[in-house]
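# Reading the structure
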Amino acid sequence: MSGCAATSTGNVGWLQTLLPALHRYDRGITTILHAGDWWMDSRAVDYWSRRSGIERILVTLGNHEPYNEYTPLLEAHPGRAIRVSQFVWLLPRPWRLEIHGREILSLGGAASVDRKWRTPGKDWWDDERILDEHVVAASARSADVMVTHESPDDTPVAQVAALLRCNPNGFPDDALEESAASRAQVDKVWTAVNPKLLFHGHMHVAGSGTTADGHTVVSLGRDAAEGNAALLDLVDMSVDIPSLRVLRGW
Ligand SMILES: [Mn+2]
């Protein structure tokens, strides 16, 4: 086992269930690639990481982060991942890293479709946007894996495509337009980088799909829901998404 899991949760109550469960399921897991919406007490995260054999949690930023704290940190140390606690690292936008010889591209940011109900500077920041300069920097060369918070627009994940078609939560038109523009930014990078695998959060619906030319996208479910965590074997590039029943040993 190559020792990676991708997940998307900002809920420390769920993390303290998930990390020990992942450890019981596969003791080789040492790295968590977090697909965004990270807003947690890092001391609690460190405690549960230590107990669960996790050596590092690499966070791709999403749209529900305290950007008033994170953006100044990233800007004070350009070109460096920011270690905010013993195990937690915030990744710059964008960022590349190599694990087991596989190149992984992290592309943070996503549009908040519920922005209308949020307060700028309190629980919403413009920093969530995926800027053109992020797209250009991220698109420099290929990668084996992408981790994003936002979904691609041209997604092969049927569950996400259905959600985008139906707008079941009745989000307003201008928010939907911003969301589509944000997803189009991911499409540009996804096309340029050509990764075999892409993991994202944000959509709160679990599913996976593969394009005709062999590119797999995994949409991680929300915290405490099925499909919130996927195990990634970076040696053979296989993905395992165990059910909650299996993870919890029921
Ligand atoms: Mn989100």
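See the structure above.
Computed from a prediction, not measured in an experiment: that's the story for all the values here. (Residues numbered from 1 in each chain as written. Predicted model: local features only at pLDDT ≥ 70, side-chain atom pairs only at ≥ 80, totals over all residues. Heavy atoms only, no water.)

## Examining the sheet that holds strand β6 (residues 95-99)
Within the open sheet, the six strands sit side by side as β6-β7-β8-β9-β11-β10. Their pairing is mixed. Because the sheet does not close on itself, it has two edges, and the strands there are β6 and β10 (207-210). Pairs of neighbouring strands in the sheet enclose a mean axial angle of 20°, with direction left out of account. In this structure, strand β9 (residues 197-200) lies alongside strand β11 (residues 216-219), joined through four bridges in parallel fashion. (Pairing = 2+ DSSP bridges. Helix = DSSP H or I, 4+ residues; strand = E, 2+ residues; numbered from the N terminus. Axes fitted to C-alpha atoms, helices over the stretch in contact; angles between N-to-C directions.)

## Describing the nonpolar core
The biggest cluster of nonpolar side chains holds 28 residues, and the ones touching the most others in it are L19, L22, I32, W38 and I57. Of all the secondary-structure elements, those providing two or more residues to this core are α1 (12-25), α2 (42-51), β3 (56-59), α3 (67-76), β5 (88-90), β12 (229-233) and α7 (244-248). Considering every element that reaches this core, the biggest residue donor is α1, with six residues. Judged by nonpolar contacts, the second largest core, of 18 residues, contains A6, L91, I99 and L197. (Core = buried A, V, L, I, M, F, W, Y, C linked by side-chain atoms within 4.5 Å. Buried < 20%, exposed > 50% of the residue type's maximum accessible area, 1.4 Å probe, protein only.)

## Focus: empty space enclosed by the protein
Scanning all chains against the criterion turns up one cavity of 30 Å³ or more. In this structure, the largest cavity spans a volume of roughly 30 Å³. Forming the walls of the largest cavity are W14, L18, A225, E226, G227, N228, A229, P242, S243, L244 and L247. At the level of secondary structure, the elements contributing two or more residues to the lining of the largest cavity comprise α1 and α7. Here the lining of the largest cavity is composed, by residue class, of seven nonpolar, three polar and one charged. (1 Å grid on protein atoms, 1.4 Å probe; cavity = no way out; pocket = protein on both sides within 12 Å on 5 of 7 lines; lining within 4 Å. Points joined across faces, edges and corners; volume = space filled by probe spheres on them. Nonpolar A, V, L, I, M, F, W, Y, C, P; charged D, E, K, R; others polar.)

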